[in-house]
Amino acid sequence: MIGLILNSSSYENEIRALMMAFFPGEKIVLDAAPDPYLVRVIFSPDAVKVTLEDTAGVLSENEGPCDFSDYKLAKNTLKRIAYDCFSRYTKKVLPWGTLTGIRPTKIALTLLNEGCDDKALYDYFKEEYYLSDEKFRLCTQVAKNERAILKDMDYDHTYSLYVGIPFCPTICAYCSFSSFPLKAWKNRVNDYLDALFKELDYMSGISTDKQLLTLYMGGGTPTSLTAGQMDRLLGKLSSIYDFDKIREITIEAGRPDSITMDKLKVIKSYGIDRISINPQTMKQETLDLIGRKHTVEQIREAFAMARMAGFGNINMDLIAGLPGESAVDMENTLAQIESLGPDSMTVHSLAVKRAAYLNQNRDKFAITPQEEVNRMIGLSFESAVRMGMAPYYLYRQKNIAGNLENVGYAKPGREGLYNILIMEEKQTIAAVGAGGSTKIVIPGENRIERVENVKSVKDYIERIDEMIARKKRFFD
Ligand code: SF4
């Protein structure tokens with residue numbers, strides 16, 4: 001636990017985020033005594049002083065002028081002052097410097113769009129945020145790729161659709177999604193689909209002036225459905241939307257233990273070419289430890305089956321920083337992924353939310369140190385380059401391992417457009433199904449309205465009319 005004392009709460013969130021980056025896993029308690037540390041932030045009208053203390057006294061301190069007339073500049077200045085204070089004592093250098101936000105590429109994109117050249121961009125990120133050279137290269141490369149992909153995007157006349165299937169074969173220890181074990185819900189899947197169809201029927205009556213640009217089926221693991229149920233669902237969707245006119249359709253086939261040739265054939269019969277098969281790691285001990293309940297061999301088999309079924313655009317997700325894993329494990333995993341040859345690869349840094357089993361049982365899992373996770377991330381970049389891929393989307397999360405990032409890499413033309421759109425928040429994304437979160441972009445107002453569906457399958461089935469009524473308030 002670390003105590004935090006501030007004489008103004010204006011920048012509390014920023015200080016907390018930076019403290020979490022320097023002292024991962026520590027609880028931060030306002031106005032508490034040092035245990036083992038205390039951070040004190042004292043604002044004066046034109047300066048700020050940050051001290052790091054323990055019970056014996058001051059361990060590190062830093063002070064500097066701060067112009068509070070500009071909130072953003074003051075925030076950046078304060079974070080640099082705090083960063084220097086913490087870094088001096090911990091001897092840590094954070095790869096992302098003082099940047100703690102979830103979309104660092106947005107800053108690069110804005111500056112690029114304003115005409116900033118590489119040198120000016122580099123100087124800005126170095127001086128303003130202490131960004132490392134490695135993350136600067138990554139951030140700007142992603143921003144440039146994003147800009148090229150979104151160049152002709154017509155946000156006002158298109159939208160995307162997310163379809164949530166919240167079932168999985170088993171629940172992974174780190175899972176933070178709305179997902180339910182199929183075994184317990186098997187008898188309600190058809191009821192769930194009935195409710196989902198009702199919501200889709202409502203959705204089909206709106207957005208008539210807009211073209212559906214991307215459709216993403218996630219969850220959960222959509223391939224937890226039987227081949228018959230998948231056929232029913234895709235039949236329904238294709239009766240509402242003309243699949244030939246949708247630029248990108250993706251179905252998450254995340255868990256290899258949910259993939260069968262029958263299901264792949266059903267998906268392929270609707271002309272869908274993009275799926276995601278997600279090993280997370282190719283180390284069997286880790287798969288067992290995190291409750292994936294499938295083998296490494298099943299991953300290889302599922303991938304081969306998908307290629308045999310004719311899928312030409314397969315993504316694979318990996319996680320850096322899984323409990324007990326080292327850079328050597330990551331190297332082995334990447335070597336095996338390279339031998340499979342996916343079309344895109346997404347590398348996540350482990351992010352554990354409070355409710356996840358892994359977080360509730362931290363004593364059972366060895367946490368991978370930040371430096372090691374960073375090495376793993378570096379290795380995955382090199383591997384992506386060897387596979388002919390480039391990074392095209394990037395985001396960070398709270399509680400992410402090593403305060404690092406999630407990066408999507410793809411071969412040219414195989415990028416997941418939906419992944420970029422959901423990060424950009426410039427296009428309306430309608431979501432149906434339990435746990436679905438609809439984001440409606442209000443044109444000309446730079447504002448987003450959110451409509452949330454309930455997360456529980458039972459509530460979703462029983463309260464489907466209420467879910468539709470929630471949407472009606474915004475769409476009708
Ligand atoms: S496969 Fe994904 S959604 Fe399903 S339990 Fe594991 S982490 Fe959660």
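None of these values were measured; they are calculated from a predicted model.

Draft legend 1. Representation of the overall build of the protein chain in the model. Secondary structure assignment for the protein chain yields 17 helices and 18 strands. Here the protein chain has a C-alpha radius of gyration of 23 Å; the compact-globule value for 476 residues is 23 Å, and the two agree. Principal-axis analysis of the C-alpha atoms places the extent of the protein chain at approximately 65 × 50 × 45 Å. Within the protein chain, the proportion of its 476 residues that are buried is 56%. Residue pairs in contact within the protein chain that sit at least 24 positions apart in sequence constitute 71% of those at least 6 positions apart. For the protein chain, the accessible surface area stands at approximately 20400 Å², while carbon and sulfur atoms represent 50% of it.

Draft legend 2. Local environment of the packing of helix α3 (residues 104–113) against helix α4 (residues 118–129). It is at 11 Å that the axes of α3 and α4 come closest, and there the two elements cross at 140°. With respect to α4, the axis of α3 lies oblique. For the element pair α3 and α4, the recorded crossing hand is right-handed. Of the residues in α4, those touching α3 at P104, I107, A108, L111 and L112 are L121, Y124, F125 and Y129.

Draft legend 3. Region of the structure containing the state of the cysteines. According to the stated counting rule, one finds zero disulfides in the structure shown. Free of any disulfide, C116 has its nearest neighbouring cysteine sulfur in C139, separated by 12 Å. Taking relative accessible area as the criterion, C116 reaches 23% and is therefore assigned partly exposed.

Draft legend 4. Inspection of the site of the ligand at higher detail. As a matter of local geometry, the ligand sits amid C168, T170, I171, C172, Y174, C175, F177, S179, G220, T221, R255 and R292. In the shell around the ligand, the residues fall into six nonpolar, four polar and two charged.

Draft legend 5. Looking closely at helix α9 (residues 261–269). Looking at α9, one finds that the buried residues are K263, L264, V266 and I267. Angular distribution of buried residues about the axis of α9 spans 160°; they occupy a single face of the element. Opposite the packed face of α9, turned more than 90 degrees from it, sit the exposed residues D262, K265 and S269. In this structure, the buried side of α9 is in contact with α8 (227–240), β10 (248–252), β11 (274–276) and α11 (296–308). Immediately downstream of α9, the backbone of G271 shows phi near 80°, a positive value.

Draft legend 6. How the structure looks around the packing of aromatic side chains. Here the structure, examined in full by the defined rule, presents 25 aromatic pairs. An angle of 85° between the planes, with centres 5.1 Å apart, marks the rings of Y122 and F136 as edge-to-face. One end of the pair, Y122, is in helix α4; the other, F136, is in helix α5 (residues 133–149), with 14 residues separating them in the sequence. Centroid distance Y393 to Y395: 6.1 Å. Interplanar angle 15°. Geometry classified as stacked.

Draft legend 7. How the structure looks around α4. The end-to-end C-alpha distance of α4, which contains 12 residues, comes to 16 Å, matching closely the 16 Å that a straight helix rising 1.5 Å per residue would cover. All of the buried residues in α4 are L121, F125, E128 and Y129. Seen end-on, α4 carries its buried residues on one side only, within an arc spanning 90°. For α4, exposure combined with an orientation more than 90 degrees from the buried face picks out K119 and E127. Turning to α4, the residues buried within the fold contact α2 (71–90), α3 and α5. Note on α4: the residue one or two positions beyond its end, Y130, has a positive phi of about 55°.

Draft legend 8. The arrangement of the pairing of strand β14 (residues 390–395) in detail. Most of β14 is tucked away: five of the six residues are buried. Direction of pairing for β14 relative to strand β15 (residues 406–410): antiparallel, over a ladder of five bridges. Each bridged residue has a counterpart across the sheet, and for L394 the counterpart in β15 is V407.

Draft legend 9. The side chain of N419, seen in detail. Inspection of the secondary structure puts N419 in helix α15 (residues 417–424). Dropping the residues within four chain positions of it, N419 is found in contact with Y216, R274, Y392 and Y393.

Conventions we followed
Residues numbered from 1 in each chain as written. Predicted model: local features only at pLDDT ≥ 70, side-chain atom pairs only at ≥ 80, totals over all residues. Heavy atoms only, no water. Helix = DSSP H or I, 4+ residues; strand = E, 2+ residues; numbered from the N terminus. Rg over C-alpha atoms; globule rule 2.2 N^0.38 Å. Buried < 20%, exposed > 50% of the residue type's maximum accessible area, 1.4 Å probe, protein only. Contact = heavy atoms within 4.5 Å. Areas by Shrake-Rupley, 256 points an atom, 1.4 Å probe, with all protein chains shown as cover. Axes fitted to C-alpha atoms, helices over the stretch in contact; angles between N-to-C directions. Parallel < 35°, antiparallel > 145°, perpendicular 65-115°, else oblique. Left-handed = near helix turned anticlockwise from the far one by under 90°. Disulfide = S-S within 2.5 Å. Near = heavy atom within 4 Å. Nonpolar A, V, L, I, M, F, W, Y, C, P; charged D, E, K, R; others polar. Arc of directions from axis to C-beta. Phe/Tyr/Trp six-rings, centres within 6.5 Å; stacked < 30°, edge-to-face > 60°. Expected span 1.5 Å × (residues − 1). Pairing = 2+ DSSP bridges.

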